[in-house]
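# Structural features, examined
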Amino acid sequence: MTAPSNSVEMLKAFADRAAVLIERRMQLTEDFAALKQEVNSAGFRYADLKRVETARIAAENGKPKALRELRESTGELAVYLDVLAPETQTQEAAE
């Protein structure tokens, strides 16, 4: 089997694209580590913040199940939910 004539160019283009994505991921990893340290240093729990924000973003994208389940759970997430994802009449009606 012979490779297409443009396979070298394709491979180089894929490598360039991968390099950009890898650099972005490395930067994001550093940013997440710094944010985690700042959040925890301020007396909050990064894991809880992340759970609420992930669920809130999912709800904004039409997937309210995770946020609804967080609201139904008990525990310390209530403070995070009240501040970061307060319930509104529109949200309650949609759920």
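Residues numbered from 1 in each chain as written. Predicted model: local features only at pLDDT ≥ 70, side-chain atom pairs only at ≥ 80, totals over all residues. Heavy atoms only, no water.

### Some thoughts on the overall build of the protein chain
When its secondary structure is counted, the protein chain shows five helices and zero strands. Its helices and strands taken in sequence order, the protein chain reads α-α-α-α-α from the N to the C terminus. Within the span of the protein chain, comprising 95 residues, buried residues form 13% of the whole. Accessible surface, the protein chain as shown: approximately 7,700 Å² in total, 58% of it carbon and sulfur. (Helix = DSSP H or I, 4+ residues; strand = E, 2+ residues; numbered from the N terminus. Buried < 20%, exposed > 50% of the residue type's maximum accessible area, 1.4 Å probe, protein only. Areas by Shrake-Rupley, 256 points an atom, 1.4 Å probe, with all protein chains shown as cover.)

### Observations concerning helix α2 (residues 46-60)
With 15 residues, α2 should reach 21 Å at 1.5 Å per residue; the first-to-last C-alpha distance of 21 Å fits that figure. Tucked into the core, α2 has its buried residues touching α1 (7-41), α3 (65-72) and α4 (77-84). (Expected span 1.5 Å × (residues − 1). Contact = heavy atoms within 4.5 Å.)

### Quick look at the pattern of salt bridges
Here the idea is simple: oppositely charged side chains can pair when their charged atoms come close. Scanning the entire structure with this criterion turns up five salt bridges. With its nearest N and O atoms 3.2 Å apart, the salt bridge here joins R45 to D48. A salt bridge links E60 to R56; the shortest N-O distance between them is 2.4 Å. Of the two residues, E60 and R56 are both situated in helix α2; the distance of four residues between them amounts to about one turn of the helix. On the accessibility criterion, E60 (58% relative accessible area) is exposed. With a relative accessible area of 21%, R56 lands in the partly exposed category. Each of E53, R56 and E60 takes part in salt bridges that share partners, so that together they form one network. (Salt bridge = Lys/Arg side-chain N within 4 Å of Asp/Glu carboxyl O.)

### Re a nonpolar patch on the surface
A cluster of nonpolar side chains, namely L28, F32 and L35, defines an oily patch on the protein surface of about 270 Å² accessible area. One can find L35 in helix α1. (Patch = residues over 30% accessible without salt bridge, like charges linked within 9 Å, V, L, I, M, F, W, Y side chains within 5 Å.)

### Focus on the environment of N61
Turning to its location among the elements, N61 is positioned in the loop between α2 and α3. At 3.0 Å, the side chain of N61 and the backbone oxygen of I57 are in polar contact. (Polar contact = N/O pair within 3.5 Å; in protein donor to acceptor, adjacent residues only side chain to side chain.)

### Side note on α3
Every buried residue of α3 is accounted for by L67, L70 and R71. Mapping the buried residues of α3 onto a view down its axis gives an arc of 100 degrees, with all of them on the same face. Turned more than 90 degrees off the buried face of α3, the exposed positions are K65 and E72. (Arc of directions from axis to C-beta.)

### A word on the side chain of D48
Here D48 lies in helix α2. Setting aside residues up to four positions removed in sequence, D48 forms contacts with E76, L77 and Y80.

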